[in-house]
Amino acid sequence: MTPTDELVFLPLGGAGEIGMNLNLYGCRGKWLMLDLGVTFADDAAAGLDVLMPDPGFIEERRADLLGIIITHAHEDHLGAVPDLWPRLRCPVYATPFAASVLRRKLGEAGIEGDVPITEVPLGGRLSLPPFELEFVTMTHSIPEPNAVAIRTPFGTVMHTGDWKIDPEPLIGEVTDEAALRRIGGEGVLAMICDSTNVFVEGESGSESDVREELARLIRQRKGMVAVTCFASNLARVESIALAAVAADRHPVLVGRALHRMVGAAKDNGYLLDFPQTVGERDAGWLPRDKVCLICTGSQGEPRAALARLAQGENRDVSLQPGDSVIFSSRVIPGNEKSIGRIQNLLAQRGVEVVTDRDASIHVSGHPARDELVRLYQWVRPTVAVPVHGEYRHLVEHAALARDCQVPTSIVAPNGSLVRLAPGPAQIIDNVPAGRLARDGTRIVPMDGTGLRERRKMLWNGAAVATVVLDGNGHLAVPATLTVHGLDDAPEIVEAHEAAIDAIRTAIHDLSAAEARDDEQVAEAARRAIRRVYKVRFDKKPVTDVHIVRLPAVAA
């Protein structure tokens, strides 16, 4: 469908989950996209690293897609652009810092010159009829986060992006309360708003408080210190580096994402007084109590810098008993196991682990309940549509909006087509909202055949049989069978022999006509193998059967 005389909102990612945001607005035959992000796969994702929303709905309508607006430079808001832009081929609009980060990512993907990026100044305006856009400076855990006021013939929508209220953000501007109040005074039809911390009472806290606590902690440590945080939280990265220098330590950036973010920041006038750093190779020659590593990998990512250190795989520096690792970050829901695994590895090495349970070393970049209430008081929308949260977050946020006297609250998970105007705001349809995965160099559907087979092999193992038939369709030699993923079971030898016997019996029981059909022979053998392993191990291995036919021998 394409909206004609109406204004619709359609989330395809980031509503009912945290991460991989993709939001669409449709009006008078045209579409506008806000954000195109990724999320990181968990252990159950069968060897995948990155997931992203399926843009199939808008890909079919890309002739009417006016552009992609990037609200800020976090991976869950722009990380999918390098992979999915070739399917959309539309202009991209971002403020300078996000544009710098995106250009670096596009360069790594080899398509920087292909993507038309227009930089919009902070607080700038953009005309993409029938949409008129005003960027509103917010505060978050990264420079230049933006809300976007989207003016249309049917009313104004305030799309908040990720935000918080911090009187001392250390890097970047404070939330532009005056602009939010002004737009609210003009009248706002709907607000599409961040729900991440809707269950957190009070306020999210200030980065300035974290800076003081980090300085205290690093000063007290004796051995080598490593601090991990989100690479994009540049105020936090600067706080760690300053604390290191104050403790007579050399800061060391460990992880490609940190170098990329710090470089983008300096290109845009941030971090110009950032302390001089030491390279990893040189850090290995320094006294341990003179080093402070700043690492990526706070969420337990298996390929990040901290994971390599925890596993002893960094060739230049190593962690030893008496060293400390400080986790200056929160646990993103779903990452508990991967973070716990890294912390266990560190503990096994005799390394002290310090988290936000032990000290005030993290504040969120998202609004707690009191901040949400203040924003509703400033903007005063008629309709609230919570996004950027799991389903329970959306439900709780909708209730909070009603408590703030918002007349209509709509819980609209991914795929919900919401008509905002004219008439009562409501969900009018549902569209497919799937997931894609980066699988090596390919982008594949999460529900595709290949990944389904891989997940089956993860749980059930795999088997490959070779069946050699003579000219009469009889087994010329006993079948061969190789099984993967089940071969450490004590009873495997007996099961293996039973499966080969089952193949022989299954083929013997075929009729002459069936024995001449390779597909029927293979299917009979496949069923026989799976039956044995189901009975003995309650497993159904993914099974392939190869048929080899010997030429008939002349009489």
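The coordinates are above.
Let me sum up the structure you'll find in this document. All residue numbers refer to positions counted from 1 along the written sequence of the respective chain. This being a predicted model, a pLDDT of at least 70 is required before a residue's local features are given, and a value of 80 or more before pairs of side-chain atoms are given or counted; all residues contribute to the totals for chains, interfaces and linings. The side-chain numbers reported here are obtained from all heavy atoms of the structure, hydrogens and water having been left aside.

**A short note on the pairing of strand β3 (residues 22–27)**
Within β3, 6 of the 6 residues are buried, which leaves it mostly tucked inside the rest of the structure. The cut-offs for exposure are 20% and 50% of the maximum accessible area for each residue type, with area from a 1.4 Å probe on protein chains only; residues under the lower value are buried, those over the upper are exposed, and the others partly exposed. Helical segments are the DSSP runs of H or I of at least four residues, strand segments are the runs of E of at least two, and each set is numbered from the N terminus. Every second residue of β3 is oriented toward a common face, with Leu22, Leu24 and Gly26 on one face and Asn23, Tyr25 and Cys27 on the other, all of them buried. Relative to β3, strand β1 (residues 7–13) is paired through 6 bridges, and the arrangement is antiparallel. Opposite Pro11, over in β3, you have Asn23 as the bridge partner. In this structure, β3 lies alongside strand β4 (residues 30–36), joined through 6 bridges in antiparallel fashion. By the bridge assignment, Leu24 is partnered in β4 with Met33. A pair of strands counts as paired when DSSP detects no fewer than two bridges linking them. In textbook terms, the turn of a hairpin is the stretch between consecutive antiparallel strands, and for β3 and β4 this stretch comprises 2 residues, one of which, Arg28, has a positive phi near 45 degrees.

**Looking at the packing of aromatic side chains**
Each Phe, Tyr or Trp ring (for Trp, its six-membered ring) is paired with any other whose centre lies within 6.5 Å, and the angle between the two planes then decides the class: stacked below 30 degrees, edge-to-face above 60, tilted in between. All told, the structure shown has 4 aromatic pairs when counted by the stated rule. The cationic tip of Arg61 hangs over the ring face of Phe57; the distance from NZ or CZ to the ring centre is 3.8 Å. Counted as over-ring charges are cases with an Arg CZ or a Lys NZ within 6 Å of the ring centre that also lie within 35 degrees of the ring normal.

**Some thoughts on the side chain of Glu134**
Structurally, Glu134 is set in strand β11 (residues 131–137). On the accessibility criterion, Glu134 (4% relative accessible area) is buried. Side-chain polar atoms of Glu134 contact the side chain of Arg125, separated by 3.4 Å. Polar side-chain contacts of Glu134 include one of 2.5 Å to the side chain of Arg182. Two residues form a contact once any of their heavy atoms are found within 4.5 Å. Ignoring anything within four residues of it in the chain, the contact list for Glu134 reads Gly124, Arg125, Ala147, Val148, Ala149, Arg151, Arg182 and Ile183. Any N or O atom pair separated by 3.5 Å or less is treated as a polar contact, with the protein-specific requirement of one donor-capable and one acceptor-capable atom, and with residues adjacent in sequence counted only for side-chain atom pairs.

**Describing the nonpolar core**
What is meant by a nonpolar core is a set of buried Ala, Val, Leu, Ile, Met, Phe, Trp, Tyr and Cys residues, joined one to another through side-chain atoms within 4.5 Å. With 72 residues, the main nonpolar core has Leu24, Met33, Leu36, Ile68, Phe97 and Ile326 as its most contacted residues. Excluding its chain neighbours within four sequence positions, the residues that come into contact with Phe97 are Ala73, Ile142, Pro143, Glu144, Leu234, Met261, Ala264, Ala265, Asn268 and Tyr270. In terms of nonpolar packing, the next biggest core, distinct from the first, is built from 31 residues, Tyr25, Val120, Phe131 and Val148 among them.

**Focus: the sheet that holds strand β25 (residues 435–439)**
Sheet strands line up and pair through hydrogen bonds in the backbone, either parallel or antiparallel. Ordered by their spatial adjacency, 4 strands build an open sheet running β5-β6-β25-β26, and the pairing between neighbours is antiparallel. Where the open sheet ends on each side, the last strands, each with one partner, are β5 (39–40) and β26 (442–445). Bridging between β5 and strand β6 (residues 50–53) involves 2 bridges; their strand directions are antiparallel. Each residue of the ladder has a partner; that of Phe40, found in β6, is Val50.

**Examining the layout of surface pockets**
It is the rolling of a water-molecule-sized probe over the atoms that shows where space remains empty. A 1.4 Å probe that fits into a set of points on a 1 Å grid over the protein atoms alone but cannot get out defines a cavity; an open set with protein on both sides within 12 Å along at least five of seven lines defines a pocket, and lining residues are those with an atom within 4 Å of a point. Grid points are joined across faces, edges and corners, and a volume is the space filled by probe spheres set on the points. Of the pockets and cavities examined, the second largest pocket occupies roughly 150 Å³. Around the second largest pocket sit Asn197, Val200, Arg330, Val331, Pro333, Asp356, His362 and Ser364, which together line it. Amino acids are sorted into nonpolar (Ala, Val, Leu, Ile, Met, Phe, Trp, Tyr, Cys and Pro), charged (Asp, Glu, Lys and Arg) and polar (every other residue, Gly among them). Residues of the lining of the second largest pocket, tallied by class, amount to 3 nonpolar, 3 polar and 2 charged.

**Considering the pattern of salt bridges**
Salt bridge, as used here: a side-chain nitrogen of Lys or Arg that lies within 4 Å of a carboxyl oxygen of Asp or Glu. Inspection of the entire model under this criterion finds 30 salt bridges. One salt bridge in this structure joins Glu186 and Arg151, with 3.0 Å as the shortest N-O distance. You can see Glu186 sitting in helix α5 (residues 177–186) and its partner Arg151 sitting in strand β12 (residues 146–152), a full 35 residues away along the chain. Using a relative accessible area of 19% as the deciding quantity, one classes Arg151 as buried. For Glu238, the salt bridge is made with Arg211, and the minimal N-O distance between the two is 2.9 Å. Of this pair, Glu238 sits in helix α7 (residues 234–246) while Arg211 sits in helix α6 (residues 207–220), and the two are 27 residues apart along the sequence. Residue Arg211 is classed as partly exposed on the basis of its relative accessible area, which comes to 21%. Because the salt bridges share partners, they merge into one network encompassing Arg125, Glu134, Arg151, Arg182 and Glu186.

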